[in-house]
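As a plain string of letters, each chain reads:
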Amino acid sequence: MSDRNFRSFNNRALPYTPIRSVTTVSSLNSNWSFRSVSSASSTDSSTFWKTPPKKWRPSACGFRPTDKKKPDPIRWLKENSNNRYAVSRRSVPNFSLLHSGKPRAALISLVRNSELGGMMQSMRQLEFRWNRKYQYPWIFFNDEPFTEEFKAATRNLTSAKCYYEVVPREHWSLPEWIDEGRFMNSLEYLGTIGVGKGWMVSYHHMCRWNSGFFYKHPFLKNYDWYWRVEPDVHYFCDIDYDVFRFMRDNNMKYGFNMNILDDARSFPSLWTRTRAFATAHPHLIHPEADLGWLLDSTNGNEYNNCQFFSNFEIGSLNFWRGEPNEEYFNWLDKAGGFYYERFGDAPVHTLSVAMFAPKSEVWFFRDIGYQHDINHHCPPHREGKCSCQPTRMDENFYKLVPLESPQRKPADTCIRQFLGGEWLKKKKGWTMEGEKEFGGDGYHGYEMLGDEL
């Protein structure tokens, strides 16, 4: 079987990166922490702590700890990317493959009856590219009962089981501590300044539900893993392995497909409140937490507004159910940011993952081609497996930030800051200022383009 189905760039495993120092590419220490950071300060996030260095060995897939007991996701992909666990391939169960049990996982979607057409498109493509082989159930959520038309149409698109659930009213309404008048004023303000969908009451409910309530729904209590599927999205590539087994077997907590800049006007107080939370709850921060990639060293180490684009996410429900994330969500929720501002589930999930999980348990699904609205991702070197043209590594970096926004952009793109190391190296003699003088955007000076053979 050819290696090209798993290699990323230059025969390196792009998704896996060790903890990275924010001060040097070569450092093996993690030197970021919220400990001893004053919540009153909005400009100094540079108080650091040190964790003992780990020994790393070079390999074909970047760097990996020398501890042989640790998961090896690249090896797992090489051994299992031949649809090894596909249900449809076996008429008689192969018990040697099923000894560990199929993950308790589901495809989940928050969708309205009026979005049936878009949901059908998403289902057709994901079923064709992946789920017809693995038969994971679909669970649909709505703030009102689904129509029989919606149920019949979606059931007709899959041979997997489908379930239709209503979001509890208390999860889709203004909490008692929110001042309704202030909320109405914020809707008008957010609409006036052009924050995307910030004037829509239902959008605020949706952001809050996706941030801290979806995993609490009673129907999901017997599930451990989920893949979030939005209506009206595209899946361009064949996926020849069980993504849920991959996540479980390699102890992953979160998987993403795009890492891009968000509109900072949506959540002006999010970073201050996050720092205050971490100062008040230092015991909840993971000892290997690495937020260095989320801090802008040219702007007082403030949050650089990078986010995992959460309309595509594959993750552990138990991670969200854990005490650290629950405490963090409740802290933000009580502050009112989901209504007085437009705290989105994308930055909230990003900060939670960065604080409460080591980076080695976060996976970049570079091999899955995907499109949501204007953001479009297509991997290189998957000829015959994808129906899209490969996109640049940094393709979607600032598409969500309006052209008229004065928002300060970080010196490096979000995905490269997450990956770190050699992905940040610049061409000799290149400068951002020089590129901009010739009409560029200042993000084309990297040595590694992301599509190397």
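Here we summarise the structure given alongside this text. All of these numbers come straight from a predicted model, not from anything done at the bench.

## Let's talk about the nonpolar core
- Phe214 and Tyr328 are the most contacted members of the largest nonpolar core, which totals 69 residues.
- The dominant element in this core, judged by the number of residues it contributes, is helix H11 (residues 345–356), at 6 residues.

## Concerning unusual backbone geometry
- Even without being a glycine, Asn305 presents a positive backbone phi close to 70°.
- By the secondary structure assignment, Asn305 is in the loop between strand S11 (302–303) and strand S12 (306–308).
- The phi torsion at His381 lies on the positive side, around 60°, for a residue other than glycine.
- Following the sequence through the fold, His381 ends up in the loop between strand S16 (375–377) and helix H12 (414–419).
- Note on His381: relative accessible area 9%, which makes it buried.

## Some details on the layout of surface pockets
- The volume enclosed by the largest pocket comes to roughly 1100 Å³.
- Along its surface, the largest pocket is lined by 42 residues, and Lys197, Tyr203, Met206, Glu230 and His372 are the ones closest to its centre.
- Sorting the residues of the lining of the largest pocket by element identifies helix H5 (201–212) and H11 as the ones contributing at least two each.
- In terms of residues, the lining of the largest pocket owes the most to one element, H5, which gives 5 residues.
- Residue composition of the lining of the largest pocket, by class: 15 nonpolar, 13 polar and 14 charged.

## Let's talk about the sheet that holds S16
- With antiparallel pairing, 3 strands are arranged side by side in an open sheet as S7-S15-S16. Strand pairing shows two members of the sheet lacking a second neighbour, strand S7 (234–235) and S16, which therefore form its edges.
- Relative to strand S15 (residues 370–372), S7 runs antiparallel, the two sharing 2 bridges. The residue bridging Tyr235 from the neighbouring strand is Tyr370, located in S15.

## Quick look at H5
- Helix length check: H5, at 12 residues, gives a terminal C-alpha distance of 17 Å against a target of 16 Å (1.5 Å per residue), a fit within 8%.
- Within H5, 10 of the 12 residues are buried, which leaves the element mostly enclosed by the surrounding structure.
- For H5, the complete set of buried residues consists of Tyr203, His204, His205, Met206, Cys207, Arg208, Trp209, Asn210, Ser211 and Gly212.

## Overview of the packing of helix H7 (residues 270–280) against H11
- Packing of H7 against H11 brings their axes to within 12 Å, and their N-to-C directions diverge by 30°. Put simply, H7 runs roughly parallel to H11. For the pair H7 and H11, the sense of crossing is right-handed. For the pair formed by H7 and H11, the contact residues are Leu270, Trp271, Thr274, Phe277 and Ala278 on the first element and Pro347, Val348, Leu351, Met355 and Phe356 on the second.
- For the contact of H7 with H11, the per-class residue count stands at 9 nonpolar, 1 polar and no charged.

## Describing the packing of aromatic side chains
- All told, the structure shown has 50 aromatic pairs when counted by the stated rule.
- Taking the centre distance of 5.1 Å and the plane angle of 90° together, the rings of Phe183 and Tyr339 count as edge-to-face. Of this pair, Phe183 sits in helix H4 (residues 180–193) while Tyr339 is found in helix H10 (residues 337–340), placing the two residues 156 residues apart along the sequence. There is no split in this pair, since Phe183 and Tyr339 are both buried.
- On the numbers, 5.2 Å between centres and 65° between planes, the contact of Phe312 with Tyr370 is edge-to-face. Taken together, the residues span a long stretch of sequence, with Phe312 in the loop between S12 and strand S13 (313–316) and Tyr370 in strand S15 at a distance of 58 residues. No difference in accessibility class separates Phe312 from Tyr370, as the two residues are buried.
- Positioned above the aromatic ring of Tyr136 is the side chain of Lys102, whose terminal nitrogen or guanidinium carbon lies 4.2 Å from the ring centre.
- For the cation-ring pair, Arg182 lies above Tyr340, with the distance from its terminal atom to the ring centre recorded as 3.7 Å.

About the cut-offs
- Residues numbered from 1 in each chain as written.
- Predicted model: local features only at pLDDT ≥ 70, side-chain atom pairs only at ≥ 80, totals over all residues.
- Heavy atoms only, no water.
- Core = buried A, V, L, I, M, F, W, Y, C linked by side-chain atoms within 4.5 Å.
- Buried < 20%, exposed > 50% of the residue type's maximum accessible area, 1.4 Å probe, protein only.
- Helix = DSSP H or I, 4+ residues; strand = E, 2+ residues; numbered from the N terminus.
- 1 Å grid on protein atoms, 1.4 Å probe; cavity = no way out; pocket = protein on both sides within 12 Å on 5 of 7 lines; lining within 4 Å.
- Points joined across faces, edges and corners; volume = space filled by probe spheres on them.
- Nonpolar A, V, L, I, M, F, W, Y, C, P; charged D, E, K, R; others polar.
- Pairing = 2+ DSSP bridges.
- Expected span 1.5 Å × (residues − 1).
- Axes fitted to C-alpha atoms, helices over the stretch in contact; angles between N-to-C directions.
- Parallel < 35°, antiparallel > 145°, perpendicular 65-115°, else oblique.
- Left-handed = near helix turned anticlockwise from the far one by under 90°.
- Contact = heavy atoms within 4.5 Å.
- Phe/Tyr/Trp six-rings, centres within 6.5 Å; stacked < 30°, edge-to-face > 60°.
- Lys NZ or Arg CZ within 6 Å of the ring centre and 35° of its normal.

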